[in-house]
Amino acid sequence: MTGGLLASIRSPEDLKALPSDRLPALAAEIRSLIIETVSRTGGHLAPNLGVVELSIALHRVFQSPRDRIIWDVGHQTYTHKLLTGRLDRFHTLRQEGGLSGFPRRDESPHDVFETGHSSTSISAALGIAEARDIKGEDFEVVAVIGDGALTGGQAFEALNNAGDRKTDLIVVLNDNELSYGPTVGGLASYLARLRTHPAYSRVRHGLETFVQRIPLVGPPLHQLGRRLKGGVKYLVLPGMLFEELGLTYLGPVDGHNIPLLEEVLRQGRRIKGPVLVHVLTKKGKGFPPAEADPDRFHGTGPFDVATGESREPGAGFRGPSTSVNGPSQPATYTQVFGESLLRLGERDERVVAITAAMASSTGVAAFARRFPDRWFDVGICEQHAVTFAAGLAVEGFRPVVAIYSTFLQRAYDQILHDVCLQGLPVTFALDRSGLVGADGPTHHGVYDLAYLRMMPGMTVMAPRDENELGHMLLTAVSLGRPAAVRYPRGLGSGRTPPEELRELPVGKAEVLREGGDVAIVAIGSMVEPSLAAARKLERLGIRATVVNARFAAPVDDELLGMLADDIGAIVTVEEHVASGGFGAAVAEALTDSRRRLGPGGVRLRRLALPPDPVQHGKVECLLARFGLDAEGIARAAVEVVEAREGAAEGPVVRRV
Ligand SMILES: Cc1ncc(C[n+]2csc(CCOP(=O)(O)OP(=O)(O)O)c2C)c(N)n1
């Protein structure tokens, strides 16, 4: 599989030494290795298959790591990793302790800037380029950004700034017409017009005169234009969008033709100031199932190479790594959200849905099919999505904004300034809250309770199972105020058949089990392991109350006060960082009600994720490591009980 060519490349220098007629064979080898590896590990298949030639060309033209290549989102860096000395570890891709699926500075000097969220590359590249200029150094800076990521506002902020600064910088626009699904918006239409410009040959003449005027580079560019007239469109369009912003536009160029790519990139390098190279690629190239359904293969779990069929293991703790589940498995939270949204839409015509370029992966697609006029895909534009929802709410609608927890971080001020300060009835549906597994620290949704809980007037909920997710969505939409529901990645419990949606009493927790020795107060995904912990504790003679908190804002002050006074030993459990999270809310509530915490007072133990970023790995293993499984919760409960009993200093009397 890793036959001769790829194995001979230990660094980009080896790649440069390879004769160009061997490059197609190298590209084929890389493709097979990526397909074979991702079929086992899961990962971003289609985006990576689309940039094999582009990555080869970049590493032949530029001198990484001296020249800095910054990958937007970073999900398309598998070829880059293979060409920069990571072939031997490639089989560990996305496994705990193995290669990350994204650029990591601690993994290689060739990974200059860490990404995971979209639309940051041009900003980072411009910062690096300006730093270079201040220091008087001499290297190239290249940002590689997809047409999807280019719809994110930050990319425009950066282009605007780059055009103004006139700094030497190359932006490679990898245009495959897709985000997850088709890239939407005026920009996408604009790029489509560039791709299919009917007046190509007519424009060429005008181009030649324009190109001739570019100091120093005119003649070579002009010659290049002549050489490229077969097959490839080579345009320099003065007065067009990028030119107007102050960048020199080169392209479009066939992103699977390595010699052409190399030539255009070399030309880009010679031009002074910021340059945008427009490259056309095919997402999923070389693997027919991914070419046919690039959305499904954007990020995939393990699959059968022969058929492309998913071969996810059975319903594990969090089930499959994607939202695809088997026939005998319970629905995923994403699917339950999608069905609940549909039911809400049917009950209330004020309900409208908004997605930021992720209609199917958030579950909004079913609603979109049923109510084509009541849903909006705004592009990878989380900030805009939130303020846009606020606008709809001002006019009487009840928008549901479906954005993964990690990506909603982007819209912090929009949630505060545009929704909460005005008390508008916008519902935030935060999928992938908690640990997400193989995508790692950029994608774990472990900050949302903190960033939402302090928003004025915001109600924040987390369901213990899929039925409660439906009830919480109805509660949120009915509230008439800002509300958020966070729920985890993967399968629901499948425990009970779907229930009729019902509103939950706001700020009220649910006592699931009563016992006088310790109270375990858990939220969301941590309720089930807490019940399991209580069963373990029972075997040790410790009787535990278990509470399904349901609400992180407002918390159930009354119940918490009773637990503090009657039991005096409380363990809070959440799949979220400790700082600002649910346990912090409980501690605040207890101290605000003038209860003393610590020796002589209420014994409170907050179980949560650590402050340092959690790396990629299997969710169940990570949770166990941080004591967020039944055993860890039971252990903490024993410690709290013993501390309250004054046994903390003495020998531990009970072992979990
Ligand atoms: C802020 C943010 N929102 C959403 C995502 C999820 N996401 C990852 S890749 C992607 C599509 C990117 O499209 P494009 O930039 O065209 O790259 P392609 O995958 O097509 O190569 C999206 C929406 C993200 N990474 N960051």
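Reading the values: the criteria
- Residues numbered from 1 in each chain as written.
- Predicted model: local features only at pLDDT ≥ 70, side-chain atom pairs only at ≥ 80, totals over all residues.
- Helix = DSSP H or I, 4+ residues; strand = E, 2+ residues; numbered from the N terminus.
- Buried ≥ 20, exposed ≤ 12 C-beta atoms within 10 Å, placed from the backbone.
- Near = placed C-beta within 6 Å.
- Nonpolar A, V, L, I, M, F, W, Y, C, P; charged D, E, K, R; others polar.
- Domains from an automatic or database assignment.
- Pairing = 2+ DSSP bridges.
- Right-handed = clockwise from strand over helix to strand, strands pointing away.
- Axes fitted to C-alpha atoms, helices over the stretch in contact; angles between N-to-C directions.
- Contact = placed C-beta atoms within 7 Å.

1. A word on the overall build of the chain
- Of the regular secondary structure elements, the chain holds 27 helices and 17 strands.
- A total of 656 residues make up the chain; the buried ones form 55% of that total.

2. A look at the site of the ligand
- Neighbouring the ligand are 26 residues; Pro47, Ser118, Gly146, Gly148 and Ala149 lie closest to it.
- Among the residues making up the shell around the ligand, the classes are represented as 10 nonpolar, 12 polar and four charged.
- Residue contributions to the shell around the ligand reach at least three from each of two domains, namely domain 1 (4-280) and domain 2 (333-486).

3. Here's the deal with the pairing of strand β3 (residues 169-175)
- A large share of β3 lies buried, amounting to seven of its seven residues.
- Going residue by residue along β3, you find Leu169, Val171, Leu173 and Asp175 tucked away on one face and Ile170, Val172 and Asn174 tucked away on the opposite face as well.
- Pairing between strand β2 (residues 141-146) and β3: five bridges, direction parallel. Bridged to Ala143 within β3 is Val171.
- In the classification by handedness, the crossover that spans β2, the intervening helix α8 (residues 153-165) and the parallel β3 is right-handed.
- Across seven bridges, the pairing between β3 and strand β5 (residues 274-280) is parallel. Bridged to Leu173 within β5 is His278.

4. Remarks on the sheet that holds strand β17 (residues 603-609)
- The mixed open sheet is built from five strands, whose spatial order is β12-β14-β13-β16-β17. Looking along the sheet, the strands with just one partner apiece sit at the ends: β12 (510-513) and β17. Put simply, the sheet's adjacent strands are angled 25° from each other on average, direction ignored.
- Two strands pair when backbone bridges link them, and β12 and strand β14 (residues 544-548) are joined in this way by three bridges, in the antiparallel orientation. Following the sheet pairing, Arg513 is matched in β14 by Val546.
- On top of the sheet, helix α23 (residues 527-539) reaches β12, β13 (518-522), β14 and β16 (569-577); it is set at about 175° to β14, its chief contact.

5. Some details on the environment of Pro302
- Tracing the sequence through the fold places Pro302 in the loop between α14 (288-292) and α15 (333-347).
- Residues Pro302 and Gly43 lie 259 residues apart in sequence; the distance between their C-alpha atoms is 8.1 Å.

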